[in-house]
Amino acid sequence: MKRIVTLCGVGVGTSGILKVNAERVLARLGIDASVTATDVEHVQADAADAQVILTSPELVQHIGRTFADVVEINSYVDLDEIERKLDDALG
């Protein structure tokens, strides 16, 4: 199963919205994946075995070294953007 991590500054609000919307998009795409929301303090541990990290452009610099594909999402509520970018990353 693929692992996806959604990232925001505190790990509650926007990463939770992005998590729910990523799960909706994954269902549309028929992709079986686990999605976890996290914050910048815990991203290294939480994303250690993730294939994809979804985050806003301003938080990319906080991720550090990772083997995951870092995907920048401009609008956490734009399902078409999330679908397009997840399909590219996981396709």
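Below, the structure is looked at part by part. Note that the coordinates shown come from a computational prediction; the quantities given were computed from them, not determined experimentally.

### Some words on the nonpolar core
Nonpolar side chains tend toward joint burial in soluble globular proteins.
Part 1 of the argument: Among the nonpolar cores identified, the biggest contains 15 residues, and Ile-4, Leu-26, Val-52, Leu-54, Ile-73 and Leu-86 are the most heavily contacted of them.
Part 2 of the argument: Those elements that place two or more of their residues in this core are α1 (13–29), β2 (33–39), β3 (52–55) and α3 (79–90).
Part 3 of the argument: It is α1 that contributes the most residues to this core, four residues altogether.
Part 4 of the argument: What Leu-54 contacts, discounting residues up to four positions off in sequence, is Ile-4, Val-5, Thr-6, Leu-7, Leu-18, Ala-22, Val-71, Ile-73 and Leu-86.
Part 5 of the argument: The next biggest cluster of nonpolar side chains, apart from the first, holds ten residues, and it includes Cys-8, Ala-50, Leu-59 and Ile-63.

### Observations concerning α3
Part 1 of the argument: In this model α3 runs 16 Å from its N-terminal to its C-terminal C-alpha over twelve residues, within 8% of the 16 Å that 1.5 Å per residue would give.
Part 2 of the argument: At the N-terminal end of α3, a side-chain oxygen is found 3.1 Å from the backbone nitrogen of Asp-80, two or three residues along, and the residue is Asp-78.

### As for α1
Part 1 of the argument: Here α1 spans 25 Å end to end across 17 residues, near enough to the 24 Å set by a 1.5 Å rise per residue.
Part 2 of the argument: Listed in full, the buried residues belonging to α1 are Ser-15, Leu-18, Asn-21, Ala-22, Val-25 and Leu-26. For α1, the arc enclosing every buried residue in end-on projection is 145°, short of the 170-degree limit, so these residues lie on one face.
Part 3 of the argument: Immediately beyond the C-terminal end of α1, within one or two residues, lies Gly-30, with a positive phi of roughly 70°.

### Brief notes about the packing of α1 against α3
Part 1 of the argument: Running from amino to carboxyl end, α1 crosses α3 at an angle of 65°, the nearest separation of the two axes being 9 Å. As for how α1 packs across α3, the hand of that crossing is right-handed. Every residue of α3 that contacts α1 at Leu-18, Asn-21, Ala-22, Val-25, Leu-26, Arg-28 and Leu-29 is listed here: Leu-79, Asp-80, Ile-82, Glu-83, Leu-86, Asp-87 and Leu-90.
Part 2 of the argument: The residue makeup of the contact of α1 with α3, split by class, is nine nonpolar, one polar and four charged.

### Regarding the sheet that holds strand β1 (residues 2–8)
As a general point, the strands of a sheet are linked pairwise by backbone hydrogen bonds and lie either parallel or antiparallel.
Part 1 of the argument: Across the sheet, which stays open at both edges, the four strands sit in the order β2-β1-β3-β4 with parallel pairing between neighbours. In the strand order of this sheet, the two ends are held by β2 and β4 (69–72), each with one partner. Geometrically, the sheet is characterised by an average inter-axis angle of 25° between neighbouring strands, direction not taken into account.
Part 2 of the argument: In terms of strand pairing, β1 meets β2 through seven bridges, oriented parallel. Bridge pairing in β2 links Cys-8 to Asp-39.
Part 3 of the argument: Together, β1, β2 and β3 form the strand contacts of α1, whose direction differs from that of β2 by roughly 170°.

Rules and cut-offs
Residues numbered from 1 in each chain as written. Predicted model: local features only at pLDDT ≥ 70, side-chain atom pairs only at ≥ 80, totals over all residues. Heavy atoms only, no water. Core = buried A, V, L, I, M, F, W, Y, C linked by side-chain atoms within 4.5 Å. Buried < 20%, exposed > 50% of the residue type's maximum accessible area, 1.4 Å probe, protein only. Helix = DSSP H or I, 4+ residues; strand = E, 2+ residues; numbered from the N terminus. Contact = heavy atoms within 4.5 Å. Expected span 1.5 Å × (residues − 1). Polar contact = N/O pair within 3.5 Å; in protein donor to acceptor, adjacent residues only side chain to side chain. Arc of directions from axis to C-beta. Axes fitted to C-alpha atoms, helices over the stretch in contact; angles between N-to-C directions. Left-handed = near helix turned anticlockwise from the far one by under 90°. Nonpolar A, V, L, I, M, F, W, Y, C, P; charged D, E, K, R; others polar. Pairing = 2+ DSSP bridges.

Remember that the coordinates give geometry; whether it matters functionally is a separate question.
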